[in-house]
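# Structure at a glance
Chain by chain, the residues run as shown.
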Amino acid sequence: MIEYNTKRNKLVIKEYGRNVQKMIEEAMTIEDREKRNETARAIVRVMDQLNEVKDPANAGKRESMDYWHKLWDHLHIMSGYTLDIDCPFPKPVPKDKEKEVVKPDYNKHHIRLRTYGRNMENIIMKVASYPENVRNILVRPLANHLKMMYLIYNRNSVNDSLIAHQIEEISDGKLTVPEDFSFASTNALLQMANSNSDFYITPAKKKKKKKKKKKKKNPTNL
């Protein structure tokens, strides 16, 4: 009967192959402890021979206790840490197969107006929490600042009443731009934004390519 890989147990350490895996599985079924210990020692010797075949340099490692410790650890790992034998080295401790994935804590707070971003929205809400006399003072420069931010992403003129409405919307009605307030002009705000280019993202200006003047060949140099 043909034995398919899909029906076989999963290879834990592929370097040793299917036969070593079967030998270990067979050793786990031996009830006599002494025979089980003897079988385990024989399997470790086979693992050592396989290592030498794959890399002859491993033969020189036999004098090292770390080398044999590694083989016995592999034996326990391939048995799923369930092989009960008298091991010459401390048995390895099973590692967690699946580490808990720590998902980043994204801010799921909805941004009402993406033109201004989350930080600006937080500033507006903070100003809205101040006493009324303080709100009435801060709402004026805040209104001009929002207008300038709006113009950075939209070079067309913007209706001042739109900015006033947006401030009131974001602040849940706690900030109101006075009717007698005069917004700064579009040109003045754009000049201010350009002078503070480190703080505002403005469209990159296209560099004009300078046409190289062709040098006329001197006939005397031909």
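Residues numbered from 1 in each chain as written. Predicted model: local features only at pLDDT ≥ 70, side-chain atom pairs only at ≥ 80, totals over all residues. Heavy atoms only, no water.

For the rest of this paragraph, the subject is helix 4 (residues 117–128). Between the first and last C-alpha of helix 4 there are 17 Å, a value that for 12 residues agrees with the 16 Å anticipated at 1.5 Å per step. Within the sequence span of helix 4, burial applies to Met120, Glu121, Ile124, Val127 and Ala128. End-on view of helix 4: buried residues confined to an arc of 125°, all on one side of the axis. Residues of helix 4 that are buried make contact with helix 5 (132–153) and helix 6 (160–170). (Helix = DSSP H or I, 4+ residues; strand = E, 2+ residues; numbered from the N terminus. Expected span 1.5 Å × (residues − 1). Buried < 20%, exposed > 50% of the residue type's maximum accessible area, 1.4 Å probe, protein only. Arc of directions from axis to C-beta. Contact = heavy atoms within 4.5 Å.)

Moving on: the pattern of salt bridges. On inspection of all chains with the given rule, the structure shows eight salt bridges. Note that arginine 62 and glutamate 52 form a salt bridge whose closest N and O atoms lie 2.3 Å from each other. Taken together, the positions of arginine 62 in the loop between helix 2 (33–54) and helix 3 (65–78) and glutamate 52 in helix 2 put the pair 10 residues apart, joining distant regions of the chain. In this structure, aspartate 84 and lysine 91 form a salt bridge, with 3.8 Å as the shortest nitrogen-oxygen distance. On the basis of relative accessibility, which here comes to 42%, the residue lysine 91 falls in the partly exposed class. Put simply, Arg33, Arg36, Asp84, Asp86 and Lys91 are held in one network by salt bridges that share partners. (Salt bridge = Lys/Arg side-chain N within 4 Å of Asp/Glu carboxyl O.)

The next point concerns the packing of helix 5 against helix 7 (residues 186–195). One way to put it is that helix 5 packs onto helix 7 with a least axis distance of 9 Å and a crossing angle of 75°. Judged on the interaxial angle alone, helix 7 and helix 5 are roughly perpendicular. Each of Asn144, Lys147, Met148, Leu151 and Ile152 in helix 5 lies in contact with helix 7, whose residues at this interface are Thr186, Leu189, Leu190, Met192 and Ala193. Its residues assigned to classes, the contact of helix 5 with helix 7 comprises seven nonpolar, two polar and one charged. (Axes fitted to C-alpha atoms, helices over the stretch in contact; angles between N-to-C directions. Parallel < 35°, antiparallel > 145°, perpendicular 65-115°, else oblique. Nonpolar A, V, L, I, M, F, W, Y, C, P; charged D, E, K, R; others polar.)

With phi around 65°, tyrosine 81 is a residue other than glycine that occupies positive phi space. Along the chain, tyrosine 81 falls in the loop between helix 3 and helix 4. The phi dihedral of aspartate 172 falls on the positive side, at around 60°, and the residue is not glycine.

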